[in-house]
Amino acid sequence: FERSSAPDDFQSAPDQKRHDHFIREAVDTIIKEAVYKGTSRDSRVVEWLSPEELSARLDLSLDRAGLSQEKLLSLVEQTIRYSVKPGHPYFVNQLFSSVDPYGLVGQWLGDALNPSVYTYEVAPVFTLMEETVLGEMRAVVGFPRDAGDGIFCPGGSMANGYAISCARHYKAPHLKTQGMSGQRRMVVFTSEDAHYSIKKMAVLQGFGSDNAVIGETDARGRMDPRDLEAQVKDTLDQGALPMMVSATSGTTVLGAFDPLEDIYDICSKYEMWMHVDAAWGGGALLSPRHRHLLKGIERADSVTWNPHKMLAAPQQCSTFLTRHAGLLTEAHSANATYLFQKDKFYDTSFDTGDKHLQCGRRADVLKFWFMWKAKGTDGLEAHIDKLFDNATYFKNMISERPGFELLLENPECTNICFWYVPPSLRSSEARSKPDYNQRLHKVAPKMKERMIHKGSLMVTYQPLRDHPNFFRLVLQNSSLDHKDMDYIIEELERSGHQ
Ligand code: ABU
């Protein structure tokens, strides 16, 4: 087939034939290579190349002349080949994974329609779909279903930013027009294990990082309410205004759930907005067995909840939910008259775009709605329960196994943090040496390098406070079973014994 000169007319016979061939071939390759092979236990989770090697293998250059479809199809193959496969069962590296067939079709359907969800006029289906899904999610949180508001936004960091913005508007609506200059200093509180976006968003919105106060956590990584209250009192003594607390349900590394009821009491006593970053742990709300971890979330003013994390919807699918109806619009509307005309022929309250900070916006709702339709709430619950079951199995298996040491004996979420101590460091003599921690610190990076070069397992590691580097396994792919947990343990042993 001839090379194409876009845009083409899908209705004209020659164009249609050419595109039909190309799209079908590309989709076949994607299904075969990215979906089936990319999730097969017999294939590698990554075919690793250094940046220099990858640049040499993959022609990334952009030229005046377009490529033939044949060459484009070979680029599709190469892109798949050298990409990491987060849908692979042995990708337990990050807080997202899996390829859900319904989510994938939802994502593709959205891409085929290419909407921008700002007005009912251009996105009628997705506008109503968002209302339904966000309303259902608010009900799961425990907010009143018919009150409140919510949005889909690009990532949990942005959702946390919306929380700060809404809290500020709630406390001091005049700042929307007057700005922060010369105003009373306002402070946001969170914990040392909270996501770094709280600080970033405080900077972006003009609070300054000094006014994102980072409090202490307990031994399990949960926010310490006594320390929080002490920090709030300090802030008041300094004449500043305690504005908001961002608690976390499912911290990024340890998977800790902050004590929301205690935090609510403090927020209520000092009239602060209570936000819960449940980007990671929010999925547990769908399981009657595990939702107790988020007890008290129903009292919050706002919640971040990312279905692309524990619920394994395709990237990206992030939501911000609040119990306060109308506040998102009051805080963010700019009333652009070219888009949000009030004299349209339909009910313009369905033009929801002006409550967002973005203008153009993907229909991220579609893939999640489609998954939810396909599995039902029962299916989502079963997914969550399986993740927790695998996590418990993994934790139990390593707790007695030579060489493995748990950082937390009883992790709360599906994050399992542990050290692998190679035989050379296991003796009491090695452990008593002053450089023991320094030597242990080097183990996880080396093991990870070996596993990535082999393509056998991707599991992340990090230091935390005075802990040397440790592994963090995270489970959100419910196609894994106990045999996979056994494989992961054995693969860690293989890479640690070399
Ligand atoms: N909030 C992004 C989480 C990154 C991670 O998987 O560690």
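Above this note sits the structure.
Each chain has its residues counted from 1, following the order in which its sequence is written. For a predicted model such as this one, the threshold for reporting local features is a pLDDT of at least 70, and the threshold for listing and counting side-chain atom pairs is 80 or more; totals across whole chains, interfaces and linings nevertheless cover every residue. With hydrogens and water stripped out, all remaining heavy atoms of the structure feed into the side-chain values.

Draft legend 1. Representation of the site of the ligand within the structure. When we say a residue is near a molecule or strand, we mean one of its heavy atoms is within 4 Å of it. Taken together, Q94, L95, H195, T252, K309 and R472 make up the full set of residues adjacent to the ligand. Polar contact criterion, stated in full: a pair of N or O atoms within 3.5 Å, where within protein one must be able to donate a hydrogen and the other to accept it, and residues adjacent in sequence count only if both atoms are side-chain atoms. The contact in question runs from an oxygen atom of the ligand to an N or O atom on the backbone of L95, over 2.8 Å. Measuring from an oxygen atom of the ligand, one finds a side-chain N or O atom of R472 at 3.0 Å. In this description, accessible areas are obtained by the Shrake-Rupley approach with a 1.4 Å probe, and a residue is regarded as covered only by the protein chains that are shown. Relative to its free-state accessible area of 250 Å², the ligand is covered by the protein chains to the extent of 71%. Under this grouping Gly is polar, as are all residues other than the nonpolar Ala, Val, Leu, Ile, Met, Phe, Trp, Tyr, Cys and Pro and the charged Asp, Glu, Lys and Arg. Per-class residue counts for the shell around the ligand are one nonpolar, three polar and two charged.

Draft legend 2. Representation of the sheet that holds strand β11 (residues 467–474) within the structure. Two strands are said to pair when DSSP picks up at least two bridges between them. Going along the chain from the N terminus, every DSSP run of H or I of four or more residues is numbered as a helix, and every run of E of two or more is numbered as a strand. The sheet built from four strands is open, its strands ordered β8-β9-β11-β10 with antiparallel pairing. With one partner strand each, in any of the chains shown, β8 (404–406) and β10 (460–464) form the two edges of the open sheet. Each strand axis lies, on average, 45° off the axis of its neighbour in the sheet, ignoring direction. Packed onto the sheet, helix α15 (residues 443–454) meets β9 (415–420), β10 and β11 and runs at close to 40° relative to β11. On top of the sheet, helix α16 (residues 482–497) reaches β8, β9 and β11; it is set at about 30° to β9, its chief contact. For every element, the axis is a line fit to its C-alpha atoms; helices are fit only across the contacting stretch, and the angle between N-to-C directions ranges from 0 to 180 degrees. The contact definition used throughout considers only heavy atoms, calling two residues in contact when any of these lie within 4.5 Å.

Draft legend 3. Here's a closer look at the pattern of salt bridges. The term salt bridge refers to a side-chain nitrogen of Lys or Arg lying within 4 Å of a carboxyl oxygen of Asp or Glu. All told, the structure shown has 27 salt bridges when counted by the stated rule. With its nearest N and O atoms 2.6 Å apart, the salt bridge here joins D100 to K375. Of this pair, D100 sits in the loop between α3 (69–82) and α4 (101–113) while K375 sits in helix α12 (residues 365–399), placing them 275 residues apart in sequence. Only protein chains enter the accessibility calculation, which uses a 1.4 Å probe; a residue is then buried when its area is under 20% of its type maximum, exposed when over 50%, and partly exposed in between. Owing to a relative accessible area of 9%, D100 belongs among the buried residues under this scheme.

Draft legend 4. Highlighting the environment of L293. With respect to the element layout, L293 can be found in the loop between β5 (273–277) and β6 (302–305). The exposure class assigned to L293 is buried, which follows from its relative accessible area of 14%. C-alpha of L293 to C-alpha of F257: the two residues are 36 residues apart in sequence and 6.4 Å apart in space. Ignoring anything within four residues of it in the chain, the contact list for L293 reads F257, F388 and E412.

Draft legend 5. Fine view of the sheet that holds strand β3 (residues 212–215). The seven strands are arranged β1-β7-β6-β5-β4-β2-β3 in an open sheet whose pairing can be described as mixed. The open sheet is flanked by β1 (149–153) and β3, the only strands paired with a single partner. Ignoring strand direction, the axes of neighbouring strands in this sheet form an average angle of 20°. Across four bridges, the pairing between strand β2 (residues 186–191) and strand β4 (residues 241–248) is parallel. Residue V188 lies in a different strand from β4, and its bridge partner there is M244. Here helix α10 (residues 260–269) sits on the sheet in contact with β4 and β5, set at roughly 155° to β5.

Draft legend 6. The environment of D258, seen in detail. When you line up the elements, D258 lands in the loop between β4 and α10. In this structure the C-alpha to C-alpha distance between D258 and D193, which are 65 residues apart in sequence, comes to 10.0 Å. Those residues within four positions of D258 in sequence are excluded, and the remaining contacts are G221, R222, M223, A247, T248 and I263. Within the structure, D258 has its side chain in polar contact with the backbone nitrogen of M223 (distance 2.7 Å). Of the polar contacts made by the side chain of D258, one reaches the backbone nitrogen of T248; its length is 2.8 Å.

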